[in-house]
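One-letter residues, chain by chain:
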Amino acid sequence: MKPKIGICSDHGGFGLKEFLRKSLEEKFEMVDYGTKSEESVDYPTVVGSACKKVISGEVPKLIALCGTGIGASIAANRLHGIRAALCHDEFTAEMSKRHNNANVLVLGGRVLGTDLALRIVQKWIETEFEGGRHERRLGLIEELS
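This text gives an overview of the structure that appears in the document. Model, not experiment: these values are computed from the prediction.

Analysis parameters
Residues numbered from 1 in each chain as written. Predicted model: local features only at pLDDT ≥ 70, side-chain atom pairs only at ≥ 80, totals over all residues. Heavy atoms only, no water. Phe/Tyr/Trp six-rings, centres within 6.5 Å; stacked < 30°, edge-to-face > 60°. Lys NZ or Arg CZ within 6 Å of the ring centre and 35° of its normal. Helix = DSSP H or I, 4+ residues; strand = E, 2+ residues; numbered from the N terminus. Contact = heavy atoms within 4.5 Å. Core = buried A, V, L, I, M, F, W, Y, C linked by side-chain atoms within 4.5 Å. Buried < 20%, exposed > 50% of the residue type's maximum accessible area, 1.4 Å probe, protein only. 1 Å grid on protein atoms, 1.4 Å probe; cavity = no way out; pocket = protein on both sides within 12 Å on 5 of 7 lines; lining within 4 Å. Points joined across faces, edges and corners; volume = space filled by probe spheres on them. Pairing = 2+ DSSP bridges. Axes fitted to C-alpha atoms, helices over the stretch in contact; angles between N-to-C directions.

**Regarding the packing of aromatic side chains**
Going through the model one piece at a time under the given rule, you end up with 0 aromatic pairs. The cationic tip of Lys61 hangs over the ring face of Trp124; the distance from NZ or CZ to the ring centre is 6.0 Å. Taking the ring centre of Trp124 as reference, the NZ or CZ of Lys97 above it sits at 5.0 Å.

Shown next, in the form of structure tokens:
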């Protein structure tokens, strides 16, 4: 049985979402929460709905995309239980998991090339949460909401 990963985007991230979904589907069960075309949609609706699937446990992690990643990141982090990280390179992807246990990786479809985006996703997927002192910090974040 393949590990499950959710993926979603608005129209600005659609092309990169499709590339990533197809690139990852051999190793992972990719659950596509939309959008299904480049027709304009509102990223808060798509990302919010997909993040609720992480919160419910339907998928353990999610890749969310919009044009820059900024809007998707802001929308995702509005939901209690979501730790979304907008990453632009492999180091930030690694640290988002190692120190922050990010359960949502956010990427900008209009700012990243396909090769770099795939490397970012692979680094994020393979990195484990360190725990330790970072557990306390995540607890402090939870107290903020």
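On we go from here.
**Looking at the environment of Asp10**
Inspection of the secondary structure puts Asp10 in the loop between strand S1 (4–9) and helix H1 (14–24). Distance in space between the C-alpha atoms of Asp10 and Lys97 is 24 Å, their sequence separation being 87 residues. When sequence neighbours within four positions are dropped, the list of residues in contact with Asp10 reads Thr35, Val41, Tyr43, Leu65, Cys66 and Gly67.

**Let's talk about the nonpolar core**
Counting residues in hydrophobic clusters, the biggest one holds 22 residues, and the most contacted among them are Leu20, Leu24, Ile63, Leu107 and Val121. At the level of elements, S1, H1, strand S3 (62–66), strand S5 (104–108) and helix H5 (114–126) are the ones that each hand at least two residues to this core. Looking at this core element by element, the count peaks at 6 residues for H5. One finds Cys8, Val54, Ala75 and Val106 within the second-largest nonpolar core, a separate group that totals 20 residues.

**Remarks on the layout of surface pockets**
Think of a ball as big as a water molecule: rolled over the atoms, this probe shows where empty space is left. Estimates place the volume of the largest pocket at around 290 Å³. As for the largest pocket, its lining consists of 17 residues, and the residues nearest its centre are Asn77, Ile82, Arg83, Ile141 and Glu142. Of all elements in the fold, only strand S4 (84–86) and helix H6 (133–144) reach the threshold of two or more residues within the lining of the largest pocket. Element by element, the count of residues in the lining of the largest pocket is highest for H6, at 4 residues.

**Re the sheet that holds S1**
By way of backbone hydrogen bonds, the strands of a sheet pair with one another, either parallel or antiparallel. Strand order in this open sheet of 5 strands is S2-S1-S3-S5-S4, and the pairing throughout is parallel. A strand with exactly one partner marks an edge of an open sheet, and here the two such strands are strand S2 (29–32) and S4. Ignoring strand direction, the axes of neighbouring strands in this sheet form an average angle of 25 degrees. In this fold H5 packs onto S1, S3 and S5, with an angle of close to 170 degrees to the strand it touches most, S5.

So, to be careful, I would describe these as geometric facts and stop short of saying anything about function.
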